[in-house]
Structure formats: structure tokens, C-alpha cells
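Residue-level structure breakdown
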Amino acid sequence: MRKPVFILRQSESTLSAIIIPTLDRPATSDRSRLQAWSQWFIQPAVLIRVVLYATTLIYLRTALFDYVYDDSLLITLHPWMESWKQFPQFLTHSFWGFMEVPRTMDYYRPLVSLVLAMIRHLLGPAPAWFHLAAAGLHILATYLVYRLAFETIGDKRVAAIAAGFFGLHPTRVETAAWISGISDSLSAVLFLASMILYFKARNDTTGRKLKYHAISTLLLLLSLFSKDAAIFAPILIAIYEFSSANARFRDRCLASLRAALPFLAVTALAISARSLLVHNQLGQGMRQVPLKTTIFSAPTTIVWYLGKQLWPSELSVQYPIKLVFTLSLVKFVLPLILVLVSTVGVAWAVRRKPIGIFFASWFVLMLAPVILYVVVLQEHDRYIYLSSVALCIGIAYLVDHLRILGAHTQGAALLLLFALMAGLTLKYESYWDNDMALSTRAVQIAPANPKALEYHADTCVFLGQYAKAEAFARSVIGPNQDPEGWYILGNVLSSEQKYTEAREAYQTASKLWGGHNLMATLGLAGVDLNVGKGDEAVEIYREQLRRTPNRAFLHGRLASALKAVGKSEEAEKELAIQKSLQKTPS
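So, here is what we can say about the structure in this document. Since the structure is predicted, the reported quantities are computational estimates derived from the model, not experimental observations.

Attention now moves to the packing of helix α24 (residues 518-530) against helix α26 (residues 552-564). In helix packing, the relevant descriptors are the interaxial angle and the interaxial distance, both defined with respect to the helix axes. As a packed pair, α24 and α26 sit with axes 11 Å apart at the nearest point and diverge in direction by 20°. Overall, the two elements α24 and α26 adopt an arrangement that is roughly parallel. Crossing hand, α24 versus α26: left-handed. Between α24 and α26, the residues in contact are Leu-518, Leu-522 and Leu-529 and Phe-553, Leu-554, Arg-557, Ala-561 and Ala-564, respectively. Residue composition of the contact of α24 with α26, grouped by class: seven nonpolar, no polar and one charged.

Below you can see the structure in the form of C-alpha cells.
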């Protein structure tokens, strides 16, 4: 509609009116614009793009980061990475099988080693290529969370919100910004894809059911060769089939078994291959889990992991040790009550909802090994990577109900949450730039954790900052004569070739530990060889072998010591024992 506007114009001595037509522009309130923007933002197509673009931008800068923590050991110092001819070693040894000293926990992850080796040989050893691969896998996992949520729930908005919580959450940094974290993201990508195809096969009406099933089981096999968590796939499928069937108990059990059988067969195949192929021990931790401490620590550990997902502050590569050794009101009873109440609440919420039961079981099963082995594993952000998929989908389902408050409220809440997570992620990600930043952060957050202390000291030594490393070790020793500090000091002095002083430091550490600490004892033996005390080193290794005769690496160390003192025949016998033990499947 046009409205006339009268303007007076003076022409000589006469005034005249000119009519100028204008367009009528109705006023638009800020509230209306906000509502329009909110309606646009919460569209599933917009949400998922925002999530994927933001996740990509956040982790793209990790291409400028260096190797940190275990990265150099797994890539540039790994002897089997040097030649294509060594690749079969990845299939016949555990993940850390190339090291002489066994780890408390070791794993069978041949696909991870093969991926790292292929990147090194095809693209080169520059850390940027590996960081791009790690970031790319996390971005792909984020998209697959979206696909899985949509395939199971059928709501694209809930799926996009779940992907946002998964991709942007600060606790994903340890997996996405750390090259060695590829084991979690690679396994997650393969496992998520396997589950997506399982649901596609189940709901298929186009005749592709068999194809989907075949690819799903193959992906599960590859996931099992990346990380052990995929072993729960048959159980999850059986739980879903049982809860969704509308039949008698016996028929539901049979339906569950039929659906899970292909996945069970693949899992059995992976376990059998592992048992037949691996020729070195997979670590001692699985056989050394103290039941009492595990039970007392479980509630606190569960609450800790949930807390980090809901309030991701004070993140680090190492955390304070939270083991509980006695029946405590604050550290056991109260966390247990909180866990039980949460469990009852979730069980009530998902009752008669097969998908809800499926994801609740997902979270519990994926987190269970972390709780069972918390004594030897301790807490790490990467351990909840796959388990958090179920939690993110559950939270997204709840957040989606904010629609009852209006589109503008839901849009503003999502934007605020995503922005907050992205900001925290960027801040924490910066610590993963180099070893000094990461180890300093670890000591800041976990000043009493031995692994954090050793990591920082090793970083100082690696950078040639020996004076700083010594000062740090002595600060750990402190007035309480901490044996960990003496052990770290021994490592530092040994690196400086101050063998006499290092020997005294190792002896002090061993004495304070009661003479039963393996690493301090091995450090002492190594120093003895360097100062010409070969007989003492031989006796140290023999004493350790009397305690644990089946450790192959100790026989190898003893053989080296025997050669150093001129006992070649005995050395050959020890080498033969070492080779025999290495050929025996663990």
C-alpha cells in the first residue's frame, strides 16, 4: 500500500505541494527476528552442518602440533615402522610388543599399528599427517553418531544435537588431538558403522538385508582389531532383539540368539586369531586386579566419569589417583547411592523402550572394563570415548524437549551449549601442542601422580634441560623422601651419564620401596653395567627371574649382562629361553 507524503517546495514566491509515493515498511520486533533465527538454527540440516564445520575448524589447527607423550615411541622410534617387511610383526605381537620392558596393560591392535605405519610410509613422518588423520577420524565419528542416532530414533534434530555433544565436548580432545588416540577413534568409527548397518539390515525392505549384514560383521571384525571394546556387540544386539520382540520368553531368546550369532562368530574369530597369533605377553594387569580395591573404587570412578561429561573442567592427560582402599562414607557409600539412584532413574525412563534399553546397555558395557581395571588403568578421558555415544544421545533426547519452551529458547540454549563446549575444547586443546605444555599441565592437575611426574621429568631430559629435571626430581623427593622422586632422579642422572650418583638414587628408591620395585631394580642393574659392575647386574637379573621366571625380556637382559662379564655360553642359554618364551602364545 502506498501512502502519500507531502513535501513543501518553494518556487520563487509560491509554495506548492509535491506528492511522493513511498513503500509501507511494517516494524519488525527484535523478538520476531530472534524467533526466526532460532527456527532456522534448530533445523536438523543446519544443526549438523554447524556441528561438523565447528568440529573441523577446532581440530584443524592440530596439524601444527608436535608428537606428544607416546607418539614418538609408536611412530618414529618404533623398529617395525621402518620397513614394509616388518608389517607382519603387527599381526603376531601385542601393541607394545616391540618394547623390551612389558607394560602393566598391553593390547592387541594390529589395525592401528598398520594405519600408523601406512601413513608414515606413504606420506612421511611429519606429525601433521598423523594429526590430520586423528582429527579426520573424530570428525567422521561425529557424523556417524548423527547417523546412528537417526537410524535408531528417527529424529534428525535429536541426532544432530547428539553429534554436537559428541564432537564438540572437551573430553574428546585426548582422542582427537593426540595421534596415539587414533586407537579409540578408529575403533569407534568402525563400530558405529557396524551398528548403523545392523539397524539398516534389520529395517530393510529393499532386499539388501544380506549385504548390510555382511558389511556390518566385517566392520565389527576390523573394529575388534583396533580396540577390544567392540567385543560387546553381540551382547548389545541380543539385548535389543530381546527387548524389542513381542513374543514368549523362549521365542525372544531364540530371536536374540539368531540375530547375535553372526556377530558372535566374528567376535570368536577375532579372539581365536589373537590367541593363535600373538607371541608375546599382553601385560600383567589383567591377572593382577585387586578385587577389594576395585569394588571400593568403582562408585567414585563412575561418578568421576559422569561428572567430567557434565562438567568438563580441570582436564589433563593425567589425573589425581582416586583409588579407594577402605569402606568410606564420602568416597564409597555416597557415590554408590548416587550411582544406584541414577541407575534406577534411567531404568525407569527406558522401560519398555528397546532403543533406550539398547543405549543404556551400551553405556554400561563400554564403561565396564574401565571400571574393572581402574586400579591399573586409572582415569583418562579417552576411555569414555565410545561409551559417551550413548550418553550424548540420551542428553540430546532430553535437550530436544526444550521445544516446549519455544524455538527461541531451544535455539539459544543449544547455541550457548555448543559455544561453551567449543571454547573449552579450544582452550584444553592448546595443551596438546607439545610435551612441555602437556606435562606441565599434568603436574599442575595431578602433582602426586607418579606417571605425571615421570612424564614431566622425561620431557625435560629429552629437551636437554637437565638442571631443570634434577631440580624437579629433588622437589618431588621433598622432606618426606618420596621414593618416586629418587627413582626419577636416578633416571635423570643416568641420562646425564652420572652413573655413580644415579646408582645411589636407584638404591635409595629401591630401599624405600622395600626392594620390590621392578623399574628401580632394572635401573640399578643398567647403571651397574655402565660402571663395570657386571656381576652385580647379573645377580639383580637372576633375583628378578627367581620371582618371575617367565618374563622373556628379563632373560634377554640377563644374557646381555652375562656377555658383558664374558660368560657367552650361559648368555646363549638365556637367549634361547627368551626366544622360547616369545614364541609361546600369551
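In the structure shown here, the tally under the stated rule is 15 salt bridges. Among the ionic pairs, Arg-382 bridges to Glu-174, the shortest N-O distance being 2.3 Å. Of the two residues, Arg-382 is situated in the loop between α16 (374-377) and α17 (388-400) and Glu-174 in helix α8 (residues 173-176); the sequence distance between them amounts to 208 residues. The class of Arg-382 is buried, set by a relative accessible area of 14%. Taking relative accessible area as the criterion, Glu-174 reaches 0% and is therefore assigned buried. Among the ionic pairs, Arg-248 bridges to Asp-251, the shortest N-O distance being 3.3 Å. You can call Asp-251 partly exposed: its relative accessible area is 28%.

Now for the nonpolar core. Ranked by internal contacts, the top residues of the largest apolar core, which has 127 residues, are Leu-148, Phe-191, Trp-362, Val-389 and Trp-432. Per-element tally for this core: the top contributor is helix α9 (residues 182-203), with 14 residues. Leu-453, Val-492, Ala-520 and Tyr-541 belong to the second-largest nonpolar core, a separate cluster that totals 39 residues.

With that settled, the discussion passes to helix α13 (residues 291-310). Relative to the 28 Å expected for 20 residues at 1.5 Å per residue, α13 spans 29 Å between its end C-alpha atoms, a close match to the ideal helical length. The sharpest bend along α13 comes to roughly 40°, located at Ala-298, with the proline Pro-299 sitting one to four residues further on. Thr-293, Thr-294, Phe-296, Ser-297, Ala-298, Pro-299, Thr-300, Thr-301, Trp-304, Tyr-305, Lys-308 and Gln-309 are the residues of α13 that are buried. For α13, the secondary structure elements touched by its buried residues are α14 (329-350), α15 (354-372), α16 and α17.

Now for unusual backbone geometry. Its identity as a non-glycine residue notwithstanding, Tyr-69 has a phi of 55°, on the positive side. Along the polypeptide, Tyr-69 turns up in the loop between α2 (44-60) and α3 (71-74). With phi around 60°, Arg-352 is a residue other than glycine that occupies positive phi space. Along the polypeptide, Arg-352 turns up in the loop between α14 and α15.

This brings us to the environment of Asp-482. Of note, Asp-482 is situated in the loop between α21 (466-477) and α22 (483-495). When its relative accessible area of 28% is taken as the criterion, Asp-482 is described as partly exposed. Put simply, Asp-482 and Leu-512 are 30 residues apart on the chain and 8.0 Å apart in space, counted from C-alpha to C-alpha. Setting aside anything within four residues of it in sequence, one finds Asp-482 in contact with Val-476 and Ile-477. In terms of polar contacts, Asp-482 uses its side chain to reach the backbone amide nitrogen of Glu-484, at 2.9 Å.

Here is what the cut-offs are and how they apply
Residues numbered from 1 in each chain as written. Predicted model: local features only at pLDDT ≥ 70, side-chain atom pairs only at ≥ 80, totals over all residues. Heavy atoms only, no water. Axes fitted to C-alpha atoms, helices over the stretch in contact; angles between N-to-C directions. Helix = DSSP H or I, 4+ residues; strand = E, 2+ residues; numbered from the N terminus. Parallel < 35°, antiparallel > 145°, perpendicular 65-115°, else oblique. Left-handed = near helix turned anticlockwise from the far one by under 90°. Contact = heavy atoms within 4.5 Å. Nonpolar A, V, L, I, M, F, W, Y, C, P; charged D, E, K, R; others polar. Salt bridge = Lys/Arg side-chain N within 4 Å of Asp/Glu carboxyl O. Buried < 20%, exposed > 50% of the residue type's maximum accessible area, 1.4 Å probe, protein only. Core = buried A, V, L, I, M, F, W, Y, C linked by side-chain atoms within 4.5 Å. Expected span 1.5 Å × (residues − 1). Bend = angle between axes of the 7 residues up to and from the residue. Polar contact = N/O pair within 3.5 Å; in protein donor to acceptor, adjacent residues only side chain to side chain.

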